[in-house]
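# Remarks on the overall topology
In case you want the letters, here they are:
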2 protein chains.
Amino acid sequence: MKYDFEQFQGQVRDLVERREAEQVREILDLMRIQDVAAIAMQLRDDDLPWVFAQLAPGRRVDVFSYLEPGYQYRLATRLPQAEAREILQRLVPDDLTALLEDLPKDEVRRLLRLLPYRTIRRALTLLGYPADSVGRLMSPLFVAVRPDWNISQALDYIRSQSEQDITVNMVFVTDEQDHLQGLIPLKHFVFGAPQDPMSSLKGLPMVSIHTDAPQVEAIRMMKHYDLEVLPVVDSENTLVGIVTIDDALDAAEEETTEDFHKMGSVGIGLSLRDAKPMLLYRKRIGWLLALVFINLIGGGIIAWFEETINALVVLVFFLPLVIASGGNAGAQAATLMVRALAIGDVQSRDWLKLWTKEFAVASALGVTMALAVSMLGYWRGGIAVAVVISIALVLIVVVGSLIGLLLPILLTRMRLDPASASVPLVTSIADVAGIIIYFTMAAALLNLPVHTV
Amino acid sequence: MKYDFEQFQGQVRDLVERREAEQVREILDLMRIQDVAAIAMQLRDDDLPWVFAQLAPGRRVDVFSYLEPGYQYRLATRLPQAEAREILQRLVPDDLTALLEDLPKDEVRRLLRLLPYRTIRRALTLLGYPADSVGRLMSPLFVAVRPDWNISQALDYIRSQSEQDITVNMVFVTDEQDHLQGLIPLKHFVFGAPQDPMSSLKGLPMVSIHTDAPQVEAIRMMKHYDLEVLPVVDSENTLVGIVTIDDALDAAEEETTEDFHKMGSVGIGLSLRDAKPMLLYRKRIGWLLALVFINLIGGGIIAWFEETINALVVLVFFLPLVIASGGNAGAQAATLMVRALAIGDVQSRDWLKLWTKEFAVASALGVTMALAVSMLGYWRGGIAVAVVISIALVLIVVVGSLIGLLLPILLTRMRLDPASASVPLVTSIADVAGIIIYFTMAAALLNLPVHTV
């Protein structure tokens, strides 16, 4: 039988509508927990607890852990208190931390009231690490064995730990003080004889990360070394947790989405679907207003050249072109730079080499565009206007490109996020530069009047 | 001892310079293969084969597999032919395919001459799948066991296969005709008694993907189900390969970079550092020229309103603002949409709901911006100009936002890539819309003359 998510989805919706408990139970049992969670998040708030009650008790925590924080909260507050408490307690600590981190303060308080002190303390320990640090991402549940055990002893211990669905693909070797000493993939245990000492097994070269390191660094290391699990240590090299590839992937996706949104000068979190209009408004208005003022500077410069325009109104015809061209070329350069910096393809110290290359590329781009437009310039305003618009275009494209290249590097140097050099910001700055270059060139080359105080 | 990449890097560079073979060998032995590859790619072309010769023979293929295609080619053509042949033959098939896929045709031909027929055929089989399909990404090396074996038989077989460094964290169950029947994580084998039938082990719910499915679908499935290995089947459900999480991650990163670059209207591949200026020029000029023509339309519209401008030159003062504001709001909306579509957060059928929400948000944004600017409008041009600029701004922001929202949806509907609705494209279209709205409003409300034919 083929596993068909869309079919299951339709059936479940139908059966939930008609409250057919028996049949819903049967279908849910066939489905993967992630798909059950996906369908649960499409249900109305009243249906959610009902469907949850139809799940086999052993799967409830797993399904719960795949719901997004908003749905987790809605469900937890709608379930009978005893059941909500049990589920929250059995959630792995990093999932509970993620839930608490994403909820508003008063909702956090409401949930914490459900939980025993021990669970709260464990979650708060993780929340004690800096935002976006590895400590927030790690799970404190892992399997560690002692170096002087033999394979059979180690396997017995691993078996005794594995009920709790702990990640065991990688086994960590620690001494009595929990200092990390080695990493052995579980598959290597399969190839040893039970009485052999563990030291006979091939371990991986040691690699670990500090709790306070940024999450992006953990993601980078896991990608670079092709790791599925990364051990996390404190300043004494004590093993305190692990980062698993699935959590790292989620964090990486969030990070990329953030960069993406910053590039478009919006700063909302992951879900456009769920974002309330008020949130969207708040996240967008700041940048838009800031850009208004940059654009008004452009207006001010045009006003300064009012007499130049009065003397030759055809100049205004090319205004949208000169304004946009620098911005477009700058947007391209900024996009390339921000992404290259994000994936570590270039470092900010490469700036001189990149600048030289960008200068050559932008000059070629500008000349090509000038050639394309010069005919039109000639037709609209004669040879003199054609010359002005051509020279101005080359200069504008070069300046715009260099702004797009430099702004992300500058931000990196100032230890700010280069993705804040958003396309709209680069575009607006390049716009203003374009206006200045255009009218200055026109006034100078065509001997037109400028503002007289 | 702490593992310090930067320190190793400095030492290796130094020792390579002085051709200290003995000491280079010692340091390389301490390093992870991925780091050796990273350092190798920073060397000059002459140093590369020399350092490679210092590597322990057992690590050469592994290090080679972590070099980028360009460096793999440079190294392969500089090594003694016999050694190059051995390395290419021992490369896992998907790595060889990736190399052949990324090289220019004549370099591919040169490499193929080194290889025996069997290796070539295997690589060509993978290359036979459509571009960006799962078939191109998969590795044909995996461990499959028969359902009627007991655990001890299965483990013996797995051991016999594991020399070749095959991924064995997941064991696949297939029948005599290689039809996929089940997935069992290797860790579950550790928990069974040797004489138990394999059916006593807990398997995972079946999940697989077709060779012709797009790679993004494989990535989506692995993220959704938290899989480290995904089985790939043909139309007869025959297991033909596996996708591993590290390959999926690399593909996902490339995909995201592509989306990123498209949003900035540049289409180069992964590496800005390595891209030649000519390539950068070619990838950027197309869009820039296309946008020039959209901007010239804006110029044409301004020319149409030449008499309106002559009658009230202060209108030009606000031109950069009205041009940019629609574009900026549109850029924000487009960024949100493109990313939301890419990660599956919204579907194109949600458009009506999104449209309504965007309309509300954009109206609020427009009103806020109008309030901010109206004072300046009053000061520069009196109450009438203030009213015109305010109303125009609200309309422009709303229209720009809806363009930014609709363009990605439209492209998706036409089965084109929504990321092609780049920020510069949306900006340019919104710019033109802004110019039309602004001057039409001004001419109508202020009773100014328009173009008279």
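Residues numbered from 1 in each chain as written. Chains lettered and ligands numbered in written order. Predicted model: local features only at pLDDT ≥ 70, side-chain atom pairs only at ≥ 80, totals over all residues. Heavy atoms only, no water.

### A look at the overall build of chain A
A count of helical and extended segments in chain A gives 20 helices and 6 strands. A compact globule built from 453 residues would reach a C-alpha radius of gyration of about 22 Å, whereas chain A, at 30 Å, exceeds it by more than 25%. Dimensions of chain A, computed from the C-alpha atoms along their principal axes, are close to 90 × 60 × 45 Å. In the structure as shown, chain A presents an accessible area of about 19700 Å², 56% of it carried by carbon and sulfur atoms. In chain A, which carries 40 positive and 53 negative side-chain charges, the distance between the mean positions of the two groups comes to 3 Å. (Helix = DSSP H or I, 4+ residues; strand = E, 2+ residues; numbered from the N terminus. Rg over C-alpha atoms; globule rule 2.2 N^0.38 Å. Areas by Shrake-Rupley, 256 points an atom, 1.4 Å probe, with all protein chains shown as cover. Lys, Arg positive; Asp, Glu negative; His and termini not counted. Charge placed at Lys NZ, Arg CZ, Asp CG, Glu CD.)

### Notes on the pattern of salt bridges
Oppositely charged side chains may form a pair once their charged atoms are brought near each other. If you walk through the whole model with that rule in mind, you get 26 salt bridges over all chains. A salt bridge links Arg-284 of chain B to Glu-358 of chain A; its shortest N-O distance comes to 3.0 Å. Separated into two different chains, Arg-284 of chain B in helix α16 (residues 277-304) and Glu-358 of chain A in helix α19 (residues 351-413) make up a pair that spans both. In this structure, Arg-284 of chain B and Glu-358 of chain A share a single accessibility class: buried. Through salt bridges with shared partners, one network takes in Glu-17, Arg-19, Arg-44 and Asp-47 of chain A. (Salt bridge = Lys/Arg side-chain N within 4 Å of Asp/Glu carboxyl O. Buried < 20%, exposed > 50% of the residue type's maximum accessible area, 1.4 Å probe, protein only.)

### With respect to the packing of aromatic side chains
Two aromatic rings, taken as a pair, are described by how far apart their centres are and by the angle between their planes. Applying the stated criterion across every chain, the model contains 12 aromatic pairs over all chains. Both rings, one in Phe-142 of chain B and one in Phe-172 of chain B, keep their centres 6.3 Å apart while their planes meet at 85°; by these two values the pair is edge-to-face. Of this pair, Phe-142 of chain B sits in the loop between α11 (134-137) and β1 (144-145) while Phe-172 of chain B sits in strand β2 (residues 170-174); the two residues are 30 residues apart in sequence, bridging distant segments of the chain. Neither Phe-142 of chain B nor Phe-172 of chain B differs from the other in exposure class; each is buried. Both rings, one in Phe-317 of chain B and one in Phe-318 of chain B, keep their centres 4.8 Å apart while their planes meet at 90°; by these two values the pair is edge-to-face. The exposure classification of Phe-317 of chain B matches that of Phe-318 of chain B, with both residues buried. Taken together, the ring pairs in this structure connect Phe-305, Tyr-438 and Phe-439 of chain A into an aromatic cluster. Stacked on the ring of Trp-50 of chain B, the Lys or Arg Arg-19 of chain B has its end atom at 4.7 Å from the ring centre. (Phe/Tyr/Trp six-rings, centres within 6.5 Å; stacked < 30°, edge-to-face > 60°. Lys NZ or Arg CZ within 6 Å of the ring centre and 35° of its normal.)

### Focus on the sheet that holds strand β4 (residues 209-210) of chain A
Residues and elements named next belong to chain A. Across the sheet, 3 strands lie side by side as β4-β5-β6; this open sheet has mixed pairing. Because the sheet does not close on itself, it has two edges, and the strands there are β4 and β6 (239-244). Across the face of the sheet, helix α14 (residues 215-224) comes into contact with β4, β5 (229-233) and β6 while running at roughly 135° to β5. (Pairing = 2+ DSSP bridges. Contact = heavy atoms within 4.5 Å. Axes fitted to C-alpha atoms, helices over the stretch in contact; angles between N-to-C directions.)

### Details of a negative patch on the surface
A cluster of acidic residues, Asp-102, Asp-132, Asp-250 and Glu-254 of chain A, forms a negative patch at the surface. Mapped onto the fold, Asp-132 of chain A is located in the loop between α10 (117-127) and α11 (134-137). (Patch = residues over 30% accessible without salt bridge, like charges linked within 9 Å, V, L, I, M, F, W, Y side chains within 5 Å.)

### Things to note about the interface of chain A and chain B
Contact with chain A, which involves 109 residues of that partner, is made by 109 residues of chain B. Summed over both sides, the interface between chain A and chain B buries roughly 10000 Å², with carbon and sulfur atoms accounting for 67% of that surface. Area buried by chain A at its contact with chain B is led by Arg-32, Phe-260 and Arg-284 of chain A, which between them contribute 8% of it. Inspection of the chain A/chain B interface yields 4 salt bridges. Across the chain A-chain B interface, the total number found is 21 residue pairs in polar contact (both at pLDDT 80 or more). (Buried area = accessible area lost by both parts, 1.4 Å probe. Polar contact = N/O pair within 3.5 Å; in protein donor to acceptor, adjacent residues only side chain to side chain.)

### Some remarks on the nonpolar core
With 120 residues, the main nonpolar core has Tyr-438 of chain A together with Tyr-438 of chain B as its most contacted residues. Contacts of Tyr-438 of chain B, omitting those with residues within four sequence positions, involve Leu-315, Phe-318, Leu-319, Val-322, Ile-389, Ala-392 and Ile-396 of chain B. Core analysis: the next-biggest nonpolar cluster, separate from the first, contains 64 residues, Val-232 and Leu-249 of chain A together with Met-170 and Ile-242 of chain B among them. (Core = buried A, V, L, I, M, F, W, Y, C linked by side-chain atoms within 4.5 Å.)

### Details of the relation of the copies chain A and chain B
The two copies are related by a screw operation: chain A maps onto chain B through 180° of rotation and 0.1 Å of translation along the axis, at an RMSD of 0.2 Å. These values place the two chain copies in the arrangement generated by a two-fold rotation axis. (Least-squares fit on C-alpha atoms with pLDDT ≥ 70 in both.)

### Some remarks on the environment of Val-145 of chain B
All names here are of chain B. Its place among the elements puts Val-145 in strand β1. By relative accessible area, Val-145 is classed as buried at 1%. Once the C-alpha coordinates of Val-145 and Gln-195 are considered, the two residues, 50 residues apart in sequence, prove to be 15 Å apart. Dropping the residues within four chain positions of it, Val-145 is found in contact with Ala-154, Tyr-157, Ile-158, Val-171, Phe-172, Val-173, Thr-174 and Met-198.

### Focus on the environment of Val-388 of chain A
Along the chain, Val-388 of chain A falls in helix α19. The contact partners of Val-388 of chain A, leaving out residues within four places of it in the chain, are Met-441, Ala-442, Leu-445 and Leu-446 of chain A.

### Section: the sheet that holds β1 of chain B
Residues and elements named next belong to chain B. Strand order in this open sheet of 3 strands is β1-β2-β3, and the pairing throughout is mixed. The two strands at the open ends of the sheet, each matched to only one other strand, are β1 and β3 (180-185). Sheet topology note: the β1/β2 ladder contains 2 bridges and is parallel. In the sheet register, Ala-144 faces β2, and the bridge partner there is Phe-172.

### Quick look at unusual backbone geometry
Residue Asp-132 of chain A is not a glycine yet carries a positive backbone phi of 60°. Phi is positive for Asn-237 of chain B, close to 65°, though the residue is something other than glycine. Considering the arrangement of structural elements, one finds Asn-237 of chain B in the loop between β5 (229-233) and β6 (239-244). Asn-237 of chain B sits in the partly exposed class, given a relative accessible area of 28%.

### Re the pairing of strand β3 (residues 180-185) of chain A
Each regular strand shows side chains that alternate between the opposite faces of the sheet. Residue and element names in this part refer to chain A. Counting buried residues along β3, 5 of its 6 residues qualify, which places the element largely inside the surrounding structure. Sheet topology places strand β2 (residues 170-174) next to β3; 5 bridges connect them, and they run antiparallel. Across the sheet, Met-170 pairs through a bridge with Pro-185, a residue of β3. Hairpin connection, β2 to β3: the antiparallel pair is bridged by 5 residues, and Asp-178 has positive phi, about 65°.

### Remarks on helix α3 (residues 33-40) of chain B
At 3.6 residues per turn, the α-helix brings residues three or four places apart onto the same side. Burial within α3 of chain B is extensive, with 8 of its 8 residues counted as buried. For α3 of chain B, every residue scored as buried is listed here: Ile-33, Gln-34, Asp-35, Val-36, Ala-37, Ala-38, Ile-39 and Ala-40 of chain B. On its buried face, α3 of chain B sits against α14 of chain A together with α1 (5-17), α2 (21-30), α4 (47-54) and α5 (57-65) of chain B.

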